[in-house]
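Commentary on secondary and tertiary structure
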Amino acid sequence: MTPDIIVMSQHDQLLWGSVVLSACALIHVGLLAAMIEALGQIGSWVKNRSRMTKTIVLVGAAFVMIVSSHTIQVWLWAAVLLYMDAFDYLYDALYFSLVTYTTVGYGDVVLPVEFRVFGAFGGVTGILCFGISTAFLVSLINKLLPRSLE
């Protein structure tokens, strides 16, 4: 760590954790909204295809876009942690962000005490955004299911 490390009070950690979480939520919801538009265009392109082809193309495209959104958010958390000097190396910041965002939390790389509350917001972000992604995919698949299966 560098000697001029940023020291965050609990209030600062709550504030900045909420700010980064909100930015991630806006990114995720914004990309989902763009995804709806893109899926509509892709749906027009595959409308005369078989049900299996439509399902594979639409769910596959949605999956790629959702994974992209989550990846952007993990990189954002890593960038903020690097900017705040919580980590010295990109690899550590990225690894910590990924295992926290996915709530795997191995515990082999941990934040300094002065960033722990802030870092926990990465896990909250992942839980919320994975929930939205799951609801989105369930809704999409439900829409693609034939009415005879309902």
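Model, not experiment: these values are computed from the prediction. (Residues numbered from 1 in each chain as written. Predicted model: local features only at pLDDT ≥ 70, side-chain atom pairs only at ≥ 80, totals over all residues. Heavy atoms only, no water.)

Thoughts on the nonpolar core
- L81, F87, L111 and F118 are the most contacted members of the largest nonpolar core, which totals 20 residues.
- At the level of secondary structure, the elements contributing two or more residues to this core comprise α1 (10-46), α2 (51-83), α3 (90-101) and α4 (116-144).
- The residues touching L81, leaving out its near neighbours within four places in the chain, are A86, F87, A93, F96, S97, L111 and F118.
- Listed in part, the eleven residues of the second largest apolar core include M35, L58, A61 and A62. (Core = buried A, V, L, I, M, F, W, Y, C linked by side-chain atoms within 4.5 Å. Buried < 20%, exposed > 50% of the residue type's maximum accessible area, 1.4 Å probe, protein only. Helix = DSSP H or I, 4+ residues; strand = E, 2+ residues; numbered from the N terminus. Contact = heavy atoms within 4.5 Å.)

Let's talk about the environment of V7
- Tracing the backbone shows V7 in the segment before α1.
- Distance in space between the C-alpha atoms of V7 and F115 is 7.9 Å, their sequence separation being 108 residues.

Let's talk about α1
- Here α1 spans 52 Å end to end across 37 residues, near enough to the 54 Å set by a 1.5 Å rise per residue.
- Among all positions of α1, only Q13, G17, V20, L21, C24, H28, L32, M35, L39 and V46 are buried.
- In this fold, the buried residues of α1 make contact with α2 and α4. (Expected span 1.5 Å × (residues − 1).)

Regarding the packing of α2 against α3
- One way to put it is that α2 packs onto α3 with a least axis distance of 8 Å and a crossing angle of 130 degrees. Taken together, α2 and α3 sit at an angle that is classed as oblique. Remark: the crossing between α2 and α3 carries right-handed chirality. Across from H70, Q73, V74, W75, W77, A78, L81 and L82 in α2, the residues of α3 making contact are L90, A93, L94, F96, S97, L98 and Y101. (Axes fitted to C-alpha atoms, helices over the stretch in contact; angles between N-to-C directions. Parallel < 35°, antiparallel > 145°, perpendicular 65-115°, else oblique. Left-handed = near helix turned anticlockwise from the far one by under 90°.)

Some thoughts on the packing of aromatic side chains
- Here the structure, examined in full by the defined rule, presents five aromatic pairs.
- A centroid spacing of 6.3 Å and a plane angle of 20 degrees characterise the contact between Y95 and Y106, whose relative ring orientation is stacked. Taken together, the residues span a long stretch of sequence, with Y95 in helix α3 and Y106 in the loop between α3 and α4 at a distance of eleven residues.
- Overall, Y106 belongs to the exposed group, its relative accessible area being 57%.
- Among the aromatic residues, those joined into a cluster by ring pairs are Y91, Y95 and Y106.
- Of note, R49 hangs over the ring of W45, and the distance from its end group to the ring centre comes to 5.6 Å. (Phe/Tyr/Trp six-rings, centres within 6.5 Å; stacked < 30°, edge-to-face > 60°. Lys NZ or Arg CZ within 6 Å of the ring centre and 35° of its normal.)

A short note on unusual backbone geometry
- Even without being a glycine, D85 presents a positive backbone phi close to 60 degrees.
- Among the secondary structure elements, D85 is positioned in the loop between α2 and α3.
- We classify D85 as partly exposed; its relative accessible area is 23%.
- In this structure, T103 takes a positive phi of about 60 degrees despite not being glycine.
- Summarising the element assignment, T103 is placed in the loop between α3 and α4.

Fair warning: the whole summary comes from geometry, so function is off the table for now.
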